[in-house]
Every structure is written in C-alpha cells, then in structure tokens.
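An overview of the molecular structure
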Amino acid sequence: KLSQDAGKVLIPGQKHPYRLYGEHGYPLLDIMVQDSEEVPQVGQRLICRHPFIEKHRVAVVPSKVVPLHFLAYDGKVLAEGLSIDDTKQFTKSEMNLLRVDILRPLNPYEYKVSVSEKFYEFFHALWQKERPLMELR
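Residues numbered from 1 in each chain as written. Predicted model: local features only at pLDDT ≥ 70, side-chain atom pairs only at ≥ 80, totals over all residues. Heavy atoms only, no water.

**Some details on helix α3 (residues 117-130)**
Taking 1.5 Å as the rise per residue, α3 with 14 residues should run 20 Å; its terminal C-alpha atoms sit 20 Å apart, in good agreement. Every buried residue belonging to α3 is among F119, Y120, F123, H124 and W127, and all of these are buried. All buried residues of α3 fall inside an arc of 120° around its axis, so they share one side. If you follow the buried residues of α3, they end up packed against β1 (15-21), β2 (27-34), β3 (46-49) and β6 (112-116). (Helix = DSSP H or I, 4+ residues; strand = E, 2+ residues; numbered from the N terminus. Expected span 1.5 Å × (residues − 1). Buried < 20%, exposed > 50% of the residue type's maximum accessible area, 1.4 Å probe, protein only. Arc of directions from axis to C-beta. Contact = heavy atoms within 4.5 Å.)

This is the structure we're talking about:
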C-alpha cells in the first residue's frame, strides 16, 4: 500500500528481521534487512535507519544478533510450534530483557524498529516512483 502519509505505508519486499543487542545484554533495536543482504554480524558496525524519517539514523555495533523469524512450513512442516506454556515462558523472558524505560507506564521510551541502509534506499526509491502525486490546477 502506498500513501502520501508515511505512517500508513507498508514496507515492501522480502525482508529478514533481527534483534540487535548491546554490550549490556539489552535489546537495542530490531532491524529489517533485504532478503539479498548479509545477516548483521556481532562486532560489525551497522547503520540503522528509521524507515520514514531521513535524519533519524544510528550506528550500532551489536554484541548479539538474533533472527526474529524462521521458515516453519515449505510444503511440509519444517519446525514445530511452541506449546502455549512454552510461548508464555518465552514471552516473559523476552519482556524481562527490555529496559525499564521502555516498560514504564508513564511516557515509555519507544522501542526502535529500523531498516538497513540498503533497504532504506530501495524503499524510498520505490516510494518516490510509485506514490500518488497531488495535482494542482
């Protein structure tokens, strides 16, 4: 879906999401990279961009990289799902890793979801090419 309003735009293309952790063990941000890009590597500097706001970017050197999705079905079951109890335990353990400023009820800090530099360039080139233009007369 393309729109004049960036907040309503779906991010197209095949992508892989990863969670990047900092040196203190907390998740710093999640990043989406294109299917054709290399997996982010521990100890390697990576530019992470806000998907819509050009000036919002940060360099991250992750101490841990965790893939967030995996292929579970490809004509046959490749991975069994977790039980409800295992899912609840996993969710609790992930919530315990978040910083307290993200979990506070009043004015919580926004957890960042970013895209790679290459993904940003692809997405914005496509958006400029395909988005509807307002016509003035």
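Let's pick the thread back up.
**Some thoughts on the side chain of S116**
Note that S116 resides in strand β6. The buried category is assigned to S116, whose relative accessible area is 1%. Ignoring sequence-local partners within four residues, the contact set of S116 consists of I31, M32, V33, E37, I47 and R49.

**Here we look at the packing of aromatic side chains**
Applying the stated criterion across every chain, the model contains two aromatic pairs. Ring plane angle 70° and centroid distance 5.7 Å describe the contact between F52 and F123, whose orientation is recorded as edge-to-face. Here F52, found in the loop between β3 and β4 (57-60), pairs with F123, found in helix α3; they are 71 residues apart in sequence, far enough to count as distant. For F52, a relative accessible area of 23% corresponds to the partly exposed category. Measuring from ring centre to ring centre gives 6.1 Å for F119 and F122, while their planes differ by 70°; the resulting arrangement is edge-to-face. Of the two residues, F119 and F122 both sit in helix α3, three residues apart, roughly one turn of that helix. For F122, a relative accessible area of 33% puts it in the partly exposed group. In this arrangement the basic side chain of R49 is found over the ring face of Y120, its NZ or CZ atom lying 3.7 Å from the centre. (Phe/Tyr/Trp six-rings, centres within 6.5 Å; stacked < 30°, edge-to-face > 60°. Lys NZ or Arg CZ within 6 Å of the ring centre and 35° of its normal.)

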